[in-house]
Every structure is written in structure tokens, then in C-alpha cells.
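# Tertiary structure, described
Here is what each chain is made of, one letter per residue.
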Amino acid sequence: MDTEDEDLPKPTERNTKRRVPEVTFDDEGCAVGWAFRVPKAFRPALDIVFSERVKTITNADGEKVKRRYQEWTEGAPPAFAFRENDLLGSREMIAGTKELNRFLAKITQASPDKVEQKLIQPGSVGFKFFEWQPGEPGSYVEEGFYICAQATFVDFLRSGVVPADAKQ
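Residues numbered from 1 in each chain as written. Predicted model: local features only at pLDDT ≥ 70, side-chain atom pairs only at ≥ 80, totals over all residues. Heavy atoms only, no water.

### As for unusual backbone geometry
The omega torsion across Ala-76 and Pro-77 is -10°, close enough to zero to call that bond cis. The residue Pro-77 is located in the loop between β4 (64-76) and β5 (87-89) in this model. In this structure, Asp-47 takes a positive phi of about 65° despite not being glycine. Along the chain, Asp-47 falls in the loop between β2 (15-19) and β3 (48-58). Since its relative accessible area comes to 10%, Asp-47 is described here as buried. Of note, the phi angle at Lys-118 is positive, near 65°, even though the residue is not glycine. With respect to the helices, strands and loops of the structure, Lys-118 is situated in the loop between β7 (114-116) and β8 (119-121). (Helix = DSSP H or I, 4+ residues; strand = E, 2+ residues; numbered from the N terminus. Buried < 20%, exposed > 50% of the residue type's maximum accessible area, 1.4 Å probe, protein only.)

Printed below as a string of C-alpha cells:
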């Protein structure tokens, strides 16, 4: 990886409990409100897993009983793990068509965030950013290559704005 340790953010303390995910998915199975179409298949990359939970309830006779159930949970904060060759398209349409994916982000190098003794050691993502260029035939043209922390890449997927602190 071409990044140096001083370029990544400092480690973040991680809570041992997982929370209900802040990310929700629409009827098409993509993250709601994000500039890029991030499908449910990327749950592991977003640190969203199906976890067993325990809830204590009190019966009518006053006896406390533990009930086990499953639900989607997210790390607090998440440890992201996008990987090389992941390809994500934008929700923005190509002008003059009904096609999505005016922009593409293709990860060409990556190291996941790592959880070590309640600290998240930030990983990094190197990605190529492409934009659709019309013409006969139209095609995607690389607009730049960027390197940033995994969390910064997730912010990019949410906003669609190339991170200012990403190195080119």
C-alpha cells in the first residue's frame, strides 16, 4: 500500500457492544440516502452482521426469563473492510438516459480497519474514480485515483463528494 501511517487517522476507541445499524436499505436493497448504490451485499464491509441478542423479560408470575433473538447490528463505531476489486456505482443518472451510475468507484488497493484491544486501527482504500462521458460510443473515463482511510471512503459513498483529504 502506498500510504504511510502518519497519513491515516489516529486509532478510535470501540465500544464492546454493537448497536442497531444506522444504515437502512431501500426496496432495491441499497443504502438509503447515499450518493452511491451500496447494496446489502456490502453489509460485512460496513461492519453490519447478524448477531444473537439476549433480552430479559418478566413473566406474569414475576419470573425473569432470558429470550434469545437475532438482529442486524453494527460496530460502535464500525470497523470498515472494503476490499480490492469492489466496484460501486452512483445513484446519479447518466444525462439523457434512464441509466444510473454516472460515476463509478473501483477499489484497486485496500487494507481493512483492524480492532486491537478495543481500538480501531484505521485501514485505507485506494480507488479509481470514473465518470461517464457521452459520445459514440460512450464510455467511462478515469477522473482520478485517490487514497484515504476506510471511514473517509464511506463518507465519500454517502455524500458523493471526493474527500478533500484524499491523496491523489
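### Quick notes on the pattern of salt bridges
Tallied over the entire structure, the rule returns 9 salt bridges. A salt bridge links Arg-68 to Glu-52; the nearest nitrogen and oxygen atoms lie 3.1 Å apart. One end of the pair, Arg-68, is in strand β4; the other, Glu-52, is in strand β3, with 16 residues separating them in the sequence. A relative accessible area of 58% places Arg-68 in the exposed class. For Glu-92, the salt bridge goes to Arg-102, with nearest N and O atoms at 2.5 Å. Taken as a pair, Glu-92 in the loop between β5 and β6 (103-111) and Arg-102 in the loop between β5 and β6 lie far apart in primary sequence, 10 residues in all. (Salt bridge = Lys/Arg side-chain N within 4 Å of Asp/Glu carboxyl O.)

Take it as geometry only, folks, not as evidence of what the structure does.
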